[in-house]
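Understanding the architecture of this molecule
Given next are the chains, with one letter for each unit.
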Amino acid sequence: MIRIERHKLAPGLTVDKVTLTRFALFTAVAAMAAGFLFGQTTVDLRSQARNVDFSQAASTRPHKVGTNLPAACGAGETFFKTDAPAGQNVFGCTATNVWSPLGSAAVSAGSGVTAVNGQVSTDDAVVPFYAVGNGAPSLPCQPGRDFYTDLTAGKLYSCVGADTWQQAGGGGGGGGGSVLALSPSSSLTEERVLTPRDGLSSTDSGANGTYTLDWNPLDRGVAWALEDFLTGNTSSGNVGAMGISRSTVGSAATFSYQPSPAGHPGVVRVTTAATASTGEWLSLGAVNNPFNSVSSTDWAATDWEVQFILAPGTNSTTLSNVRLRSGLSNGVSTVSGTLGIFLRYDTTLGDTTFRYQICGSITGCALAASGTDSQVADSGLTPVAGNWYRVRIRRVAAGVGGNPTIYFTINESSQRTFCASGCDATLAAMPSVGSLTAQVGYVSETAAAKSIDIDWIGYRIRGLSRN
């Protein structure tokens, strides 16, 4: 039983007295005990705990856990991302709804370095890759990046294409040399030897010394002649400094020195008569005369080169109905009747492009295409009236396939070759026609004048015995 008494101690102040019987007290204590047993109160560690030590706890998980960062967060929250790289799993909310990785400072990649998820590596596109081995490389490679050193031969290779190696300094696919040796003899297989020729001699003082080249103008193994038309008059045998001779085909042509255009000092012009089958030959030496001529035996046995700079179709004339020959020849009675080695543009033979021809008889030289005593190759270059062309013809004793080879070019392009095998045209032997000299022939085949300008004629021959 519970009894409550109220006592008034003073105005506005009363005290209630509660008296509990023994049974009532027992009932109250039992009710409190039941609350502890069946309905424990939640503890707020933030306000109710202090100096908490979890070191003896069976386990602790202080972060939220998952694979996706929550879309919303408040500053100070943390999250453990289970699918992140090990050591980079913990993220903190650094601002409202902003998660940032916690731990080591982020790595910034500089030149040649990449950094992905904290992992640092070299950048293949910037940092070269070097490999070594014995023998030529057979590894796959990336162009512009990879290098390889052959330890056996001491050669360095670079990758020049997908899985394609090239020895540094020259030669594809692991071949070719890369060393220039300034000496008269070779000891390494990949050296390039400097060989003095054409009046040059050398003195080698050895390693770390000097290598001296001397010019000997009295080298009897070399012959050369050139004409640039900077002096002389118009009469045959007195044209230019070398005494160029003039030979008429049909009616006489007009010959004159021209004002020099830019890049062409010393120019002469030949203008044919306005009559069909008339023209002129210019010869670096008298025609059918030993002066300035070289035996065909020497032309057939030595290395040589002949060059012409000329412009057909000048003076407002066209390139229709004309015959042009420029090269080594031995006769000038008619343009088509000459024997030798020359550039040809002959509209009477149906030429629409420059042709290269080597012929050993009058009949062969009159052929439009290859045939008996004649070989012809098409340059593929169509001449333009008034344009300048540099014609280069040369012989190399060990040319294509090791064969003696005649090379023709125009303006350093349109190259064609003549040799016994493997060339653009087959050449069994050089023409045997006595002596040859550098000549230019130009003939009109219509009743209209035709003009050609000539800037330069010259040849060089080496390897003469002169015993």
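What counts and what doesn't
- Residues numbered from 1 in each chain as written.
- Predicted model: local features only at pLDDT ≥ 70, side-chain atom pairs only at ≥ 80, totals over all residues.
- Heavy atoms only, no water.
- Helix = DSSP H or I, 4+ residues; strand = E, 2+ residues; numbered from the N terminus.
- Buried < 20%, exposed > 50% of the residue type's maximum accessible area, 1.4 Å probe, protein only.
- Contact = heavy atoms within 4.5 Å.
- Areas by Shrake-Rupley, 256 points an atom, 1.4 Å probe, with all protein chains shown as cover.
- Pairing = 2+ DSSP bridges.
- Axes fitted to C-alpha atoms, helices over the stretch in contact; angles between N-to-C directions.
- Polar contact = N/O pair within 3.5 Å; in protein donor to acceptor, adjacent residues only side chain to side chain.
- Disulfide = S-S within 2.5 Å.
- Core = buried A, V, L, I, M, F, W, Y, C linked by side-chain atoms within 4.5 Å.
- Salt bridge = Lys/Arg side-chain N within 4 Å of Asp/Glu carboxyl O.
- pLDDT = per-residue confidence, 0-100.

1. Describing the overall build of the chain
Counting its secondary structure elements, the chain contains 4 helices and 33 strands. Across the 467 residues in the chain, those meeting the buried criterion constitute 37%. Put simply, 47% of the contacts in the chain that link residues at least 6 apart link residues at least 24 apart. For the chain, the computed accessible surface area is about 25,800 Å², with 54% contributed by carbon and sulfur atoms.

2. Details of the sheet that holds strand S5 (residues 90–95)
Strand order in the open sheet made by the 4 strands is S3-S4-S5-S6, with mixed pairing throughout. Strands with a single pairing partner mark the edges of an open sheet, and in this sheet they are strand S3 (64–66) and strand S6 (98–101). On average, each strand axis in the sheet is inclined to that of its neighbour by 35°, with strand direction left out of account. The pairing of strand S4 (residues 78–81) with S5 spans 3 bridges and is classified as antiparallel. Within the sheet, the bridge partner assigned to Phe79 lies in S5 and is Phe91.

3. Digging into the side chain of Asp351
Here Asp351 lies in the loop between strand S25 (340–346) and strand S26 (355–359). Residue classification places Asp351 among the buried positions, given a relative accessible area of 4%. Side-chain polar atoms of Asp351 contact the side chain of Arg344, separated by 2.9 Å. Within the structure, Asp351 has its side chain in polar contact with the backbone nitrogen of Asp346 (distance 2.9 Å). With near-sequence residues (within four places) excluded, Asp351 lies in contact with Arg344, Tyr345 and Asp346.

4. Some words on the state of the cysteines
Counted under the stated rule, the structure contains 4 disulfides. Disulfide partner of Cys141: Cys159, at an S-S distance of 2.1 Å. Its S-S torsion of about 70° marks the bond between Cys141 and Cys159 as right-handed, since a negative value means left-handed. With Cys141 in the loop between strand S9 (129–133) and strand S10 (146–150) and Cys159 in strand S11 (residues 155–161), this pair connects stretches of sequence that are 18 residues apart. Judged on exposure class, the residue Cys141 and its partner Cys159 are both buried. Covalently, Cys419 is tied to Cys423 through a disulfide, its sulfur atoms 1.9 Å apart. Between Cys419 and Cys423, the S-S torsion sits near 110°, and that sign places the bridge as right-handed. Taken in N- to C-terminal order, the disulfide-linked cysteines of the chain are connected 1-2, 3-4, 5-6, 7-8.

5. A short note on the nonpolar core
One finds Trp299, Trp304, Ile406 and Phe418 to be the most contacted residues of the largest nonpolar core, which totals 48 residues. Examining the composition of this core, we find that 5 residues originate from one element, strand S33 (residues 451–462), more than from any other.

6. Concerning the pattern of salt bridges
Opposite charge on two side chains lets them pair, provided their charged atoms get close. Overall, the coordinates contain 14 salt bridges when judged by the stated rule. Residues Asp146 and Arg145 are paired through a salt bridge, measuring 2.3 Å at the closest nitrogen-oxygen approach. Judged by its relative accessible area of 3%, Asp146 falls in the buried class. Using a relative accessible area of 13% as the deciding quantity, one classes Arg145 as buried. Glu445 is paired through a salt bridge with Arg323; the nearest N and O atoms lie 3.5 Å apart. Of this pair, Glu445 sits in the loop between strand S32 (435–444) and S33 while Arg323 sits in strand S24 (residues 322–329), placing them 122 residues apart in sequence. Classification of Glu445 by relative accessible area gives partly exposed; the value is 22%. The network of salt bridges with shared partners includes Glu305, Arg390, Arg392, Glu412 and Arg460.

7. Points about the confidence of the model for the chain
Chain-level pLDDT for the chain is 81 on average; 76% of the residues reach the 70-or-more range. In this model residues 170–181 is a low-confidence stretch, pLDDT under 50, and it forms 33 contacts with partners more than four residues away in sequence or in other chains.

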